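Here are the chains, one letter per residue:
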Amino acid sequence: MAKENNFTKELPQDYKEIYSIDAKNAKIGIIMNVVAFVIFLLIFIPLFILCDLSSFYGERFYENVMSCLAFAFLGLIICFILHELVHGFVYKITTGQKLTFGLSWSCAFCGVPNVYVTRKTAIFALLAPFVFFSIIFIIALILFYPNPAVFLSIAFVFALHTGGCAGDLYVFLLFLFKLKDKRILMNDTGPKQTFYIPNK
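Residues numbered from 1 in each chain as written. Predicted model: local features only at pLDDT ≥ 70, side-chain atom pairs only at ≥ 80, totals over all residues. Heavy atoms only, no water.

Quick notes on the nonpolar core
To be explicit about the condition: The nonpolar core is taken to be a set of buried Ala, Val, Leu, Ile, Met, Phe, Trp, Tyr and Cys residues, with the residues joined through side-chain atoms within 4.5 Å. A simple rule labels every residue: compare its accessible area, found with a 1.4 Å probe on the protein chains alone, to the largest value its type can have, and call it buried under 20%, exposed over 50%, or partly exposed in between. Under the scheme used here, helices are H or I runs from DSSP no shorter than 4 residues and strands are E runs no shorter than 2 residues, and both carry numbers assigned from the N terminus. The contact criterion used throughout is that any non-hydrogen atoms of two residues lie within 4.5 Å.
Counting residues in each nonpolar core, the largest one holds 45 residues, and the members touching the most others are Val117, Phe137, Leu141, Val171, Phe175, Met186 and Phe195. Of all the elements in the fold, those that place two or more residues in this core are helix H1 (26–50), helix H2 (61–95), strand S4 (108–118), helix H3 (119–143), helix H4 (148–164), helix H5 (166–177) and strand S6 (192–198). When near neighbours in sequence (up to four residues on either side) are disregarded, Val171 contacts Ile21, Leu126, Met186, Gln193 and Phe195.

In C-alpha cells:
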C-alpha cells in the first residue's frame, strides 16, 4: 500500500474532532498508571508463583537478588526505549513523516504530530510493540525457566512492559468498540491522540 493511503497532511474540511485522550492530563495519567500497575501484578504474581525458587536460596542468595535486580533494571530501560522505537518504526514505514519522541511524568511516547493517520495505520502502530515484545518475552520465559534468577528478571520486565502498554491497549479498545468508523483519522502527538470523523 502506498504511504499516502496511510495518512493525510491536512485534515479534510468535512472532518470534526470527536474524541481525544491526553496522557499529560493529571486524571488520565494517574488512571493509566494505576491500570498499568494492576496489569503488572496480574502478570508478575502468577509467574512468580510458577517459578521454582528452591535453587535461588542458599549461600549465593544475596548475589542472586542483586543480579536479578540489575538485570531487570537494565532490561527495563532497554525495553522501553525499544518499545518507542518500534512505534516509530511503524509510523516511519507507513507515513515516512517526522517523528517525535519524549518523556513526560506519566509516560514515554512516540508520535507523528504533523499528519493525520488512518484508523488501520493507528492500530498497526499502537499494537506493534505489545505484540512484538510479548512474543519475545514469552519465548524467553520458556527458554530461561530453569534459571530462576533470569526467569524472574524477565518476568518482571515482561509484566512492567505489558503494564506500560496500558495506554496503547486503551486506544486500541476505543477503536475496537467505540471508534469503529473506518474513515476515522487520528493525530498522534505522542502523549495525546485526537480522533476525527466526517460530519456525514
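Quick look at the environment of Glu17
In this structure, Glu17 sits in strand S2 (residues 15–22). Among the residues examined, Glu17 registers a relative accessible area of 48% and is labelled partly exposed. Put simply, Glu17 and Thr94 are 77 residues apart on the chain and 23 Å apart in space, counted from C-alpha to C-alpha. In contact with Glu17, not counting residues within four places along its chain, are Thr194, Phe195 and Tyr196.

Overview of the state of the cysteines
Applied cut-off: We call a pair of cysteine sulfur atoms a disulfide when they lie within 2.5 Å.
Applying the stated rule across the entire model yields zero disulfides. Take Cys79: it sits in no disulfide, and the sulfur closest to it among the cysteines is that of Cys165, at 7.9 Å.

Here's the deal with the pairing of S4
For clarity, the cut-off: By definition, two strands form a pair when at least two bridges between them are found by DSSP.
A large share of S4 lies buried, amounting to eight of its eleven residues. When strand S1 (residues 7–8) meets S4, the two strands line up antiparallel, connected through two bridges. In the sheet register, Thr8 faces S4, and the bridge partner there is Tyr116. Turn length for the strand S3 (residues 100–103)-S4 hairpin, with the two strands adjacent in sequence and antiparallel, is four residues. As paired elements, S4 and strand S5 (residues 185–188) share three bridges and run antiparallel to each other. By the bridge assignment, Val112 is partnered in S5 with Asp188.

Re the pattern of salt bridges
Defined as follows: Salt bridges are identified by distance alone: a Lys or Arg side-chain nitrogen within 4 Å of an Asp or Glu carboxyl oxygen.
Counted by the stated rule, this structure contains one salt bridge. For Asp181, the salt bridge is made with Arg183, and the minimal N-O distance between the two is 2.8 Å. According to the relative accessible area criterion, Arg183 is partly exposed, its value standing at 39%.

Some points on H1
Applicable threshold: For a helix, the expected span equals 1.5 Å multiplied by the number of residues minus one. In protein, a polar contact means a hydrogen-donor-capable atom and an acceptor-capable atom, both N or O and within 3.5 Å, with residues adjacent in sequence counting only if both atoms are side-chain atoms; elsewhere, any N or O pair within 3.5 Å suffices.
Taking 1.5 Å per residue as the helical rise, H1 with its 25 residues ought to reach 36 Å, and the 36 Å between its terminal C-alpha atoms agrees with that figure. Taken together, the buried positions of H1 are occupied by Gly29, Met32, Ala36, Phe40, Phe44 and Leu47. Structurally, H1 contributes buried residues whose contacts are with S2, H3, H4 and H5. At the N-terminal end of H1, a side-chain oxygen is found 3.0 Å from the backbone nitrogen of Lys27, two or three residues along, and the residue is Asn25.

Focus on a nonpolar patch on the surface
Applied cut-off: Like-charged residues are merged into a patch within 9 Å and nonpolar side chains (Val, Leu, Ile, Met, Phe, Trp, Tyr) within 5 Å, provided each residue has over 30% relative accessible area and no salt bridge. Here the Shrake-Rupley method, with its probe set to 1.4 Å, supplies the accessible areas, and only the displayed protein chains count as covering residues.
Together, Phe73, Leu74, Ile77, Ile78, Ile81, Leu82, Leu85 and Phe101 give the surface a local cluster of nonpolar side chains, amounting to about 770 Å² of exposed area. In terms of residue count, H2 provides more of the nonpolar patch than any other element does, seven residues in total. Here Phe101 lies in strand S3.

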